[in-house]
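A structural walkthrough
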Amino acid sequence: GIQVEQSPPDLILQEGANSTLRCNFSDSVNNLQWFHQNPWGQLINLFYIPSGTKQNGRLSATTVATERYSLLYISSSQTTDSGVYFCARIGWGGYQKVTFGIGTKLQVIP
Amino acid sequence: AAGVIQSPRHLIKEKRETATLKCYPIPRHDTVYWYQQGPGQDPQFLISFYEKMQSDKGSIPDRFSAQQFSDYHSELNMSSLELGDSALYFCASSFSGSVLDEQYFGPGTRLTVT
């Protein structure tokens, strides 16, 4: 089946550090989303990024669709960045479910 | 901007009871999806509806059923609850006219079965 692989599975950062999270997907995508799930369980959409690069404040994402991977960059990390980051793909054809990766659990320590 | 609304936000039930979760999509969105996230796991797709018809089905137990109503809200009905049904249940909505099929997720309903 279609796979979405994320690395690393766990990450501990000192506040202020930068990090890169990676997502590999086994099939072509219509769309790719990055989510942040906070400690209260809310899924917060960070980016819709089927290709190219987008930036939003300290976060940016790049998807290289032809090579089937996406990267999420977090700069100057803060303790509020802690949580789980999910990469998720949406296939082609309409009404497609979102397939999630297993996530990267990030802990930012003061 | 309006977001996806889910109710209730928290629900505690006993084994063998029934539960109903509700989802109100973003206005103009015609497609609704349900996902289940167990502890420490990623969300798993359960079922989706487009224009009140089931459009796709995932790993949804036979004890669960769902439907989408004329106002596009959706309900997930869960019967004979088991301890393993304890999870976060997310609803997402999208607009079929969107080429990229962006899905917008609600805040989730946390179901605890005791």
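These numbers come from a predicted model, not from an experiment.

**Some thoughts on the environment of A:Pro9**
Residue and element names in this part refer to chain A. Mapping proline 9 onto the fold places it in the loop between strand 1 (4-7) and strand 2 (10-14). Through-space distance from the C-alpha of proline 9 to that of threonine 66 is 24 Å; in sequence the pair is 57 residues apart. Leave out the neighbours within four places in its chain, and proline 9 touches Gly103, Thr104 and Lys105.

**Notes on the layout of surface pockets**
Of the pockets and cavities examined, the largest pocket occupies roughly 460 Å³. Along the walls of the largest pocket sit 24 residues, with A:Gln37, B:Gln37, B:Pro39, B:Gly40 and B:Gln41 positioned nearest its centre. Of all elements in the fold, only strand 9 (83-90) of chain A together with strand 9 (87-94) and strand 11 (109-113) of chain B reach the threshold of two or more residues within the lining of the largest pocket. Of the residues in the lining of the largest pocket, the class split is ten nonpolar, eleven polar and three charged.

**A look at the pairing of strand 5 (residues 44-50) of chain B**
All names here are of chain B. In terms of residue burial, strand 5 counts as a mostly covered element, since five of its seven residues are buried. Pairing geometry for strand 4 (residues 31-37) and strand 5, over six bridges, is antiparallel. Looking across to strand 5, one finds that glutamine 36 is bridged to glutamine 44. Linkage of strand 4 to strand 5, two consecutive antiparallel strands, is achieved through a turn of six residues, within which glycine 40 is found at a positive phi near 70 degrees. As paired strands, strand 5 and strand 6 (residues 53-57) are joined by four bridges and run antiparallel to one another. Residue pairing across strands places phenylalanine 49 opposite glutamine 54, the latter belonging to strand 6. Linking two consecutive strands that pair antiparallel, namely strand 5 and strand 6, is a turn of two residues; a positive phi of about 45 degrees is found at glutamate 51 within it.

Each value, and the rule that gives it
Residues numbered from 1 in each chain as written. Chains lettered and ligands numbered in written order. Predicted model: local features only at pLDDT ≥ 70, side-chain atom pairs only at ≥ 80, totals over all residues. Heavy atoms only, no water. Helix = DSSP H or I, 4+ residues; strand = E, 2+ residues; numbered from the N terminus. Contact = heavy atoms within 4.5 Å. 1 Å grid on protein atoms, 1.4 Å probe; cavity = no way out; pocket = protein on both sides within 12 Å on 5 of 7 lines; lining within 4 Å. Points joined across faces, edges and corners; volume = space filled by probe spheres on them. Nonpolar A, V, L, I, M, F, W, Y, C, P; charged D, E, K, R; others polar. Buried < 20%, exposed > 50% of the residue type's maximum accessible area, 1.4 Å probe, protein only. Pairing = 2+ DSSP bridges.

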